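# Coordinate analysis (summary)
Listed below are the residues making up each chain.
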Amino acid sequence: MITATGLELRAGARILLADATLRVQPGDRIGLVGRNGAGKTTTLKVLAGEGQPYTGKIDRTSAVGYLPQDPRTGDLEVTARDRVLSARGLDAIMSEMTVLEASLAVEHEDERLLRRYGHLEERFAALGGYAAEAEAARICANLGLPDRVLGQTIGTLSGGQRRRIELARILFRDAGENGGGILLLDEPTNHLDADSITWLRGYMAAHKGGLVVISHDVSLLDAAVNKVWYLDANRSVVDIYNVGWKTYLEQRETDERRRRRERANAEKKAGALMAQ
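Below is a summary of the structure that appears in this document. Residues take numbers from 1 onward in each chain, read along the sequence in its written order. Totals for whole chains, interfaces and linings use every residue, but because this is a predicted model, local features are given only for residues with pLDDT of at least 70 and side-chain atom pairs only at 80 or more, for both listing and counting. Heavy atoms throughout the structure, all of them, feed into the side-chain values; hydrogens and water do not.

## Some words on the packing of aromatic side chains
Quick note on the threshold: Centres within 6.5 Å make a pair out of two Phe, Tyr or Trp rings, where for Trp the six-membered ring is used; the pair is then stacked when the planes are under 30 degrees apart, edge-to-face when over 60, and tilted otherwise. Under the scheme used here, helices are H or I runs from DSSP no shorter than 4 residues and strands are E runs no shorter than 2 residues, and both carry numbers assigned from the N terminus.
For the structure on display, the rule yields three aromatic pairs. With a centroid separation of 5.5 Å and an interplanar angle of 40 degrees, the aromatic rings of W199 and Y203 are classed as tilted. In this pair, W199 and Y203 are both assigned in helix 8 (residues 194-205), four residues apart and thus about one turn of the helix distant. For the pair Y241 and Y248, a centre-to-centre distance of 5.1 Å together with 75 degrees between the ring planes defines the contact as edge-to-face.

Set out below in structure tokens:
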């Protein structure tokens, strides 16, 4: 769960959000919307712990998987497959097991090496073993990343492929936690083809943990979200709608009409006072 209280966000001197309370709980699938420049990406980044609020407190009690618009990976020499597997620590275990296997081929009676290999096998099995590796490959394939791409190093991939690797890594870790973590996804359908978007839509709709997504894909929001946060740039607030996408659109239109009437009445009263 993520709980933010007294949250204030700024872009320079401009206040994006003032004294907001936001909560992401298991089962919440939230669409974060608002006009360009309202602060959606900034809000998501702060909730993920990748940015600092101007004021306010944020508590996180669940694992958080954050997909920024422009993921920055570390080692460009690591393979795409190992990058995904590293989400559960499987890459390091498999690498060490490979080294030990080569050593044991020469020194097959070395008890120290045998004990270490046995310990690694236990850890590997506890993390899902070869079934987890196959699971990672399935997630990658569903995101349009075939085996030939997974064998390449990160540095040789295009920007779109790197982004899909990061998304696969986040979903692979989440699957290892039985879907109980928090996913914060900024435009996750970028660089995905139609089949991958359809698969991701289904994954998100079935997600058991918390989810906040920024997306211009209306069909994704309609299929996946059960709540909407609307960032109002004019009022520097978040309007929270505990409904699905279509109902949100209806309620939002009703709220906008009400606010227009209130503004018109306020201007009318102000004009009358000026006349007096």
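## Quick look at the layout of surface pockets
We count it as follows: Any residue with an atom within 4 Å of a point lines the site, the site being either a cavity, points on a 1 Å grid over the protein atoms alone where a 1.4 Å probe fits but cannot get out, or a pocket, an open set with protein on both sides within 12 Å along at least 5 of 7 lines. Grid points are joined across faces, edges and corners, and a volume is the space filled by probe spheres set on the points. Side-chain classes follow a simple rule in which Ala, Val, Leu, Ile, Met, Phe, Trp, Tyr, Cys and Pro form the nonpolar group, Asp, Glu, Lys and Arg form the charged group, and the remainder, Gly included, forms the polar group.
Considering only enclosed or pocket space, the largest pocket measures out at about 350 Å³ in volume. Secondary-structure elements contributing two or more residues to the lining of the largest pocket are helix 1 (40-48), strand 5 (64-67) and helix 7 (159-176). A per-class count over the lining of the largest pocket returns seven nonpolar, one polar and eight charged.

## Considerations on the packing of helix 7 against helix 8
As a reminder, the rule being used: In this analysis an axis means a line fitted to C-alpha atoms, helices contributing only their contacting stretch, and an angle means the value between N-to-C directions, from 0 to 180 degrees. We call a crossing left-handed when the near helix sits turned anticlockwise from the far one by less than a right angle, and right-handed when that turn is clockwise. By definition in these notes, contact holds between two residues if any of their heavy atoms fall within 4.5 Å.
At their nearest, the axes of helix 7 and helix 8 sit 13 Å apart, and the two run at 35 degrees to each other. In the crossing of helix 7 with helix 8, the sense of the turn from one axis to the other is left-handed. Residues L167, L171, D174 and A175 of helix 7 form the contact with helix 8, whose participating residues are W199, L200 and Y203. Residue composition of the contact of helix 7 with helix 8, grouped by class: six nonpolar, no polar and one charged.

## What to know about the environment of T247
Test applied: Relative accessibility decides the category of a residue: with a 1.4 Å probe and only protein chains considered, values under 20% of the type maximum give buried, values over 50% give exposed, and everything between is partly exposed.
Following the sequence through the fold, T247 ends up in helix 10 (residues 245-275). Exposure remark for T247: the relative accessible area of 33% places this residue in the partly exposed category. Between the C-alpha atom of T247 and that of K227, which follows or precedes it by 20 residues, the distance is 9.8 Å.

## Describing the pattern of salt bridges
To be explicit about the condition: For salt bridges, the criterion is a side-chain nitrogen of Lys or Arg within 4 Å of an Asp or Glu carboxyl oxygen.
Applying the stated criterion to the full structure yields 15 salt bridges. The residue K57 makes a salt bridge to D59 at a minimum N-O spacing of 3.9 Å. The exposure class assigned to D59 is partly exposed, which follows from its relative accessible area of 36%. Of the charged contacts in the structure, one is a salt bridge between E253 and R257, with a shortest N-O distance of 3.5 Å. Residue E253 and its partner R257 are both found in helix 10; the two are separated by four residues, about one turn of the helix.

## Thoughts on the nonpolar core
Basically, it comes down to this: Buried Ala, Val, Leu, Ile, Met, Phe, Trp, Tyr and Cys residues that are joined via side-chain atoms within 4.5 Å together make up what is termed a nonpolar core.
Core analysis: the largest hydrophobic core is formed by 50 residues, its most contacted members being I165, L167, L171, F172, L185, M204 and Y248. At six residues, the largest contribution of residues to this core is made by helix 7. If we ignore the near neighbours within four places in the chain, the residues touching L167 are L67, L143, L185, P188, L192 and L200. Core analysis: the next-biggest nonpolar cluster, separate from the first, contains 26 residues, L16, A20, W229 and A233 among them.

## Structural notes on the environment of A87
Structurally, A87 is set in the loop between helix 2 (80-85) and helix 3 (90-106). As a C-alpha pair, A87 and V237 span 150 residues in sequence and 35 Å in three-dimensional space. Not counting the four nearest positions on each side in its chain, A87 is found in contact with R169, F172 and R173.

## Observations regarding empty space enclosed by the protein
Considering all chains together, one arrives at one cavity of 30 Å³ or more under this definition. Considering only enclosed or pocket space, the largest cavity measures out at about 40 Å³ in volume. The wall of the largest cavity is formed by A63, V64, G65, I170, R173, D174, E177, G181, I182 and L183. Of all the elements in the fold, those that place two or more residues in the lining of the largest cavity are strand 5, helix 7 and strand 6 (182-186). Ranked by the residues each element gives to the lining of the largest cavity, the list is headed by helix 7, at three residues. When the residues that make up the lining of the largest cavity are grouped by side-chain class, the tally is five nonpolar, two polar and three charged.

## Here we look at the sheet that holds strand 2 (residues 14-24)
Selection rule: A pair of strands is considered paired only if DSSP assigns at least 2 bridges between the two.
If you walk across this open sheet you meet the three strands as 2-1-4, and the pairing is antiparallel. A single partner strand is all that each edge strand has here, and the edge strands are strand 2 and strand 4 (55-60). Strand-to-strand twist across the sheet, computed as the mean angle between neighbouring axes with direction ignored, equals 25 degrees. In terms of strand pairing, strand 1 (residues 2-11) meets strand 4 through five bridges, oriented antiparallel.

## Side note on helix 8
Inclusion rule: For a helix, the expected span equals 1.5 Å multiplied by the residue count minus one. By arc we mean the arc of the directions from the helix axis to the C-beta atoms, nothing more. Distance and chemistry together define a polar contact, namely a pair of N or O atoms within 3.5 Å, with one atom able to donate a hydrogen and the other to accept it when in protein, and with adjacent residues in sequence counting only for side-chain atoms on both sides.
Taking 1.5 Å of rise per residue, 12 residues should cover 16 Å, and helix 8 covers 17 Å from first to last C-alpha, within 8% of that figure. For helix 8, the full list of buried residues reads S196, I197, L200, Y203 and M204. For helix 8, the angular spread of buried residues about the axis comes to 120 degrees, placing them on one side. In helix 8, the exposed positions angled more than 90 degrees off the buried face are occupied by A194 and D195. Among the residues of helix 8, the N-terminal cap falls to D193, whose side-chain oxygen and the backbone nitrogen of D195 are separated by 3.3 Å.

No statement about biological role is implied by the geometric values presented.
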